[in-house]
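Analysis of the macromolecular model
As a plain string of letters, each chain reads:
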Amino acid sequence: MANIQAIRGMHDVLPEQTPLWQYAEKTIRDVLGSYGYSEIRLPAVEKTELFKRSIGEVTDIVEKEMYTFEDRNGDSLTLRPEGTAGCLRACLEHGLLHNQVHRLWYYGAMYRHERPQKGRYRQFYQLGVETYGMASADIDTELLLLTDRLWKRLGIREKVRLQLNSLGTISERLIYREALVAYFEQHLEALDEDSLRRLKSNPLRILDTKNPAMKDVVANAPELMDYLGEDSRQHFQQILDTLTDLGVSYEINTRLVRGLDYYSKTVFEWVTDELGSQGTICAGGRYDGLIEQLGGKANSAIGFAMGMERLLLLLETLNVKTESTVNVYLIRVGEQAEKLGLRFAEQLRTAIPDLKLQVDCANGSIKSQFKKADKSGATYALILGDDEVAHGVCGVKSLRDEQGEQQTFALSDVVEFLKNTHNYN
Ligand code: ATP
Ligand code: MG
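What counts and what doesn't
- Residues numbered from 1 in each chain as written.
- Chains lettered and ligands numbered in written order.
- Predicted model: local features only at pLDDT ≥ 70, side-chain atom pairs only at ≥ 80, totals over all residues.
- Heavy atoms only, no water.
- Phe/Tyr/Trp six-rings, centres within 6.5 Å; stacked < 30°, edge-to-face > 60°.
- Helix = DSSP H or I, 4+ residues; strand = E, 2+ residues; numbered from the N terminus.
- Buried < 20%, exposed > 50% of the residue type's maximum accessible area, 1.4 Å probe, protein only.
- Axes fitted to C-alpha atoms, helices over the stretch in contact; angles between N-to-C directions.
- Parallel < 35°, antiparallel > 145°, perpendicular 65-115°, else oblique.
- Contact = heavy atoms within 4.5 Å.
- Pairing = 2+ DSSP bridges.
- Salt bridge = Lys/Arg side-chain N within 4 Å of Asp/Glu carboxyl O.

**Examining the packing of aromatic side chains**
In total, this model carries 8 aromatic pairs according to the counting rule given. Ring geometry for Phe268 versus Phe304: centroids 6.3 Å apart, planes at 65 degrees, classification edge-to-face. With Phe268 in strand β9 (residues 264-272) and Phe304 in strand β11 (residues 301-307), the pair connects residues that are 36 residues apart, well separated along the chain. For Phe304, a relative accessible area of 2% translates into the label buried. Each residue in the set Trp21, Tyr107 and Tyr125 is aromatic and connected to the rest through ring pairs, giving one cluster.

Here's what the structure looks like:
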């Protein structure tokens, strides 16, 4: 019988890859912590209606990417394609939005039925950040500073560029929409099938086209920036001024419209040239209208989502040295040593809580245990044989220093030795 395989586009992260993931996740948590953000944990499944109402019916996600199924009782449920809707649903449901501000983050798998390719999967991980209750441009700027800081900490700032645009308010966008439709109607012959369809349903999305044949017609289209009112203009300018002040470089991309309907004013993407057409690693914007759209009292909101797999692909180009899973490997040979070894290992773990100590439990020959010790990435091997047990000592051998002779320590001195030679955190 053939082995059962994973679902297309849904990937395992194997043990050799997890240290880099953990390094990225820890760095992200540290940076979020340094801005005072709190974690929220949300279900992976929501009512289908939630995504239809928030993301918008005429979007790639809702039209063709959702994993929707009927629950046993007939309800239509959907595996979350993104986290913004669920986060807002949770905050509304628990009354977190009454006269309060929030800075939240969540982390987890998202699901979209897309054509799998490098940097595009059917299950992928996102870090999401959402803030509520702040209308000022300072929170927009804070999100950009936070992500800028994260790239610097991860050592990838040179590999990413910040692109910014303002979509204005919904009413400003409506006026622009008319101008845009009028323009495209004069150039129907230049539009592809998708765009002809979008001309009626969601003309702004035409600007987002990836079809090279439409490059010119899109380049000459009217610009939303020219339709912004004074308030939107100022809001945008304030962000730009602060970024310039603080030395964060950016590009204005007037064609940046983002795929979802709920954005207003600021939208942004952090893009890289190193991942082909899957170059956006982090994207977000302001969505002041969405809270009301989901039944809450009108309130400000802005957030972003980061694609972890794309971030990891970038990190993989850097040769980041991650921490080893094991610092010290305990070799036991003989019945007495096996017995004493487990107890000794527990004592060491109690004495040095950060120590990553692996005990060989395969009970092979001393040679095969040394081989495993080498492979484990440990810095030291501890060796307990019947001789050592009889004398109350333990052999210690450096696995990094080829010339290093095996030393012998009294069992009671091993803690001191390990503490002095290593920093375990
Ligand atoms: P794209 O234009 O690449 O399809 P999107 O606009 O659909 O992206 P968002 O909904 O804004 O993406 O999601 C935020 C981020 O999540 C993206 O910038 C990307 O890094 C990541 N992402 C989105 N879809 C996928 C996917 N199918 N596989 C891996 N990462 C993804
Ligand atoms: Mg997409």
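**Structural notes on the packing of helix α2 (residues 48-55) against helix α4 (residues 84-93)**
Relative orientation of the contacting elements α2 and α4 amounts to 105 degrees, with a least axis distance of 9 Å. Put simply, α2 runs roughly perpendicular to α4. Note on element contacts: α4 touches α2 through Ala85, Gly86 and Arg89, opposite Leu50, Phe51 and Ser54.

**Considerations on the sheet that holds strand β4 (residues 76-79)**
Strand order across the open sheet formed by 3 strands is β2-β4-β3, with antiparallel pairing between neighbours. What marks the edges here is a single partner per strand, and that holds for β2 (45-47) and β3 (67-70). Mean inter-strand twist for the sheet, computed between neighbouring axes without regard to direction, equals 35 degrees. Across 3 bridges, β2 lies against β4 in antiparallel orientation. Residue pairing in the sheet places Val45 in a bridge with Leu79 of β4.

**Thoughts on the pattern of salt bridges**
Taken as a whole and judged by the stated rule, the model has 22 salt bridges. The partner of Arg89 in a salt bridge is Glu46, and the shortest N-O contact between them spans 2.8 Å. Taken together, the residues Arg89 in helix α4 and Glu46 in strand β2 connect sequence positions 43 residues apart. Grouping residues by exposure puts Arg89 and Glu46 together as buried. One network of salt bridges, in which partners are shared, links Asp60, Lys64, Arg198, Arg205 and Asp208.

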